[in-house]
Amino acid sequence: PLSLLIQRVIIKMKLFYALLFNFIFLSAYSQQYETAIAKARFLVKNHMEMTQVPGAQVAVMVDGKLVWSEAFGWCAIDDSVATEINTRFRVASVSKSMTSVALGKLVDEGAIDLDDNILQYVPEFPSKEAVITSRHLAASVSGIRHYNSSDPENSMVQYDHPFEATERFRDDPLEFLPGTAYGYSSYGWVLLSAAMESAAGQSFDELMNTTWEDLGMQHTSFDYSDQEVPNKSRFYSGLNDGKRVLAPAENRSFMFAGGGYLSTAEDLTRMGTTLMEGSYLTRQTWQELTTPYILSDGEPTYYALGWETGTSRLGTPIIYHGGSMPSARSHLMLYPEHHLAMAILYNTGQSVFFNEREAHVLAECFIDSTREEQSNPFIGQWNIETTSLRNRRSKGQLQLTNENGLISGKITFRRSRKKKTFPVCVVEASADSVHLVAVTPMFADFYIHRKELKGRWLHDMDVKRIGEVDDYWGERALQLTEQ
């Protein structure tokens, strides 16, 4: 009928103008972060080149707005298929944070009590030396083991339900009494997902897919090996003659809840933003999910219920999780006080040095973008005197140029054994000091005082602000002189 045709035309026109508006709005909003994007892009691209990462995705949301989303490299090397923003990557242990969201929803609905004996939900699981609760499992303090050498490699066994997968560990003794120690355990999440399936009265697949649908995560799914998944990247592991090779096939159903999902950087930042806004879970439940577990002896674990906690170099709280496996490296970071969510995904993880602090550097570029930066810090060429990680005195050079607001260049110094040259850029500059980051391939932070031309450099891995106990990773003094 003509009326139905007119309605369809109107709907399509509304959709077109909505997309056009979003594109124009995003373009205008992103201009505010143009320099931040340039810094982060410089670091990502140089790190990918140095560690031979085939493909990557990055997304950043600030104040609920997507300010940067970009895909890099290849999702299929041999076929020269470029990575796109909707290409699905393995998220590894960021899966735990995603599962915790569904757990929180069950808590809000009164379907599960975090402090009930797990046997109340999974009575077929064998009794252990002490009571295990959902809270213990989500906080990795249950005593259930993580992977070890007894587990099969690259298994293709298909488990249709989470409880079936507990066969790998269900008869093993606990490594410690629940609540007395921290022991990171993906297998704990397998048992937890069996309890969630029971509490929800539906399959775990249905539970998670409903969660993702409710959160608008249209490009998120299980990493099925027995069925086709659209827009799925290929994954790569080791190097052969300097080239990445395809990772072996593997059925991830043995640990879906703890590390077996596929997603995109945009979907993850959308989830993180929704959680910080408080529109999906109650504030009380979100706080419970992100409050670090305190052991029975009073020691903090810094690990909450599927989330890690720490402190930014701005002194503000961070809620985050990383994932690492031979075929993937992933990070999701939330900065509640700055209303910022960021995700970065790689389609390889072997021999890739990209830890929490490296990921946080990228996010902090966008936080620092709101600060007033001083122009032209240390443009030109400089001599450097410093000490290597092995405490050997070293002389080097720093060279910086300004290209469209991105102050970058190269730095030559002895980091460990040999003197090498690394890409470097300025990520933050104040009236007194300048912060540079070199891709070594771990990120090395250089802090230089403007007037004194003195400073320090280090590999800052202290996200939890508990102090670096290993002198090898401690800071080293440096001195600049103009060439």
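In this report, the structure presented in the accompanying data block is examined.

About the cut-offs
- Residues numbered from 1 in each chain as written.
- Predicted model: local features only at pLDDT ≥ 70, side-chain atom pairs only at ≥ 80, totals over all residues.
- Heavy atoms only, no water.
- Pairing = 2+ DSSP bridges.
- Helix = DSSP H or I, 4+ residues; strand = E, 2+ residues; numbered from the N terminus.
- Core = buried A, V, L, I, M, F, W, Y, C linked by side-chain atoms within 4.5 Å.
- Buried < 20%, exposed > 50% of the residue type's maximum accessible area, 1.4 Å probe, protein only.
- Contact = heavy atoms within 4.5 Å.
- Axes fitted to C-alpha atoms, helices over the stretch in contact; angles between N-to-C directions.
- Phe/Tyr/Trp six-rings, centres within 6.5 Å; stacked < 30°, edge-to-face > 60°.
- Lys NZ or Arg CZ within 6 Å of the ring centre and 35° of its normal.
- Expected span 1.5 Å × (residues − 1).

The subject of this paragraph is the pairing of strand β15 (residues 406-414). Bridging between strand β14 (residues 393-403) and β15 involves seven bridges; their strand directions are antiparallel. Looking at β15, one finds that Leu 400 is bridged to Gly 409. Bridge count between β15 and strand β16 (residues 419-429): seven bridges; the pairing is antiparallel. Bridge pairing links Phe 413 to Lys 420 in β16. Remark: four residues form the turn of the hairpin made by β15 and β16, two consecutive strands paired antiparallel.

What follows is about the sheet that holds strand β4 (residues 89-90). Pairing is antiparallel across the open sheet formed by three strands, whose spatial order is β4-β8-β5. At either end of the open sheet lies a strand with only one pairing partner, and these are β4 and β5 (221-222). Note that β5 and strand β8 (residues 261-263) share two bridges and pair antiparallel. Within β8, the residue paired with Ser 221 across the bridge is Leu 262.

With 71 residues, the main nonpolar core has Ile 144, Tyr 261, Leu 268, Met 271 and Trp 307 as its most contacted residues. Here Met 271 is in contact with Met 98, Val 101, Leu 215, Met 217, Trp 307 and Leu 332, once residues within four sequence places are set aside. If you look at the next biggest cluster of nonpolar residues, it comprises 40 residues, including Phe 72, Tyr 320, Tyr 335 and Ala 363.

Ordered in space as β3-β2-β1-β12-β11-β10-β9, the seven strands form an open sheet in which the pairing is antiparallel. This sheet does not close on itself; its edge strands, each paired only once, are β3 (81-82) and β9 (308-311). Relative to β3, strand β2 (residues 65-76) runs antiparallel, the two being bridged by two bridges. Counted as the bridge partner of Trp 74 is Ala 82 from β3. Sheet strands touched by helix α3 (residues 94-108): β10 (317-325) and β11 (328-335). Its angle to β10, the strand with the most contacts, is close to 125°. Against the sheet, helix α9 (residues 265-277) touches β1 (55-62), β2, β11 and β12 (340-346), its axis set at about 155° to β12.

Right, let's talk about the packing of aromatic side chains for a bit. The tally for this structure, following the rule as stated, stands at 24 aromatic pairs. Ring geometry for Phe 222 versus Tyr 261: centroids 5.3 Å apart, planes at 90°, classification edge-to-face. With Phe 222 in strand β5 and Tyr 261 in strand β8, this pair connects stretches of sequence that are 39 residues apart. Owing to a relative accessible area of 0%, Phe 222 belongs among the buried residues under this scheme. Sitting over the face of the ring of Tyr 280, Lys 105 holds its NZ or CZ atom 4.2 Å from the ring centroid.

This part covers the environment of Met 208. For Met 208, the position within the fold is in helix α7 (residues 204-214). Take Met 208: its relative accessible area is 0%, and that puts it in the buried class. Taking the C-alpha atoms as reference points, Met 208 and Leu 103, 105 residues apart in sequence, are found 9.7 Å from one another. Once you skip the residues sitting within four places of it in the chain, Met 208 turns out to touch Met 98, Thr 99, Ala 102, Phe 222 and Tyr 261.

To continue, consider α3. End to end, α3 covers 22 Å across 15 residues, agreeing with the expected 21 Å (1.5 Å per residue, within 8%). Across the 15 residues that make up α3, a large majority, 12, are buried. Looking at α3, one finds that the buried residues are Val 94, Ser 95, Lys 96, Ser 97, Met 98, Thr 99, Ser 100, Val 101, Ala 102, Leu 103, Gly 104 and Leu 106. Immediately beyond the C-terminal end of α3, within one or two residues, lies Gly 110, with a positive phi of roughly 75°.

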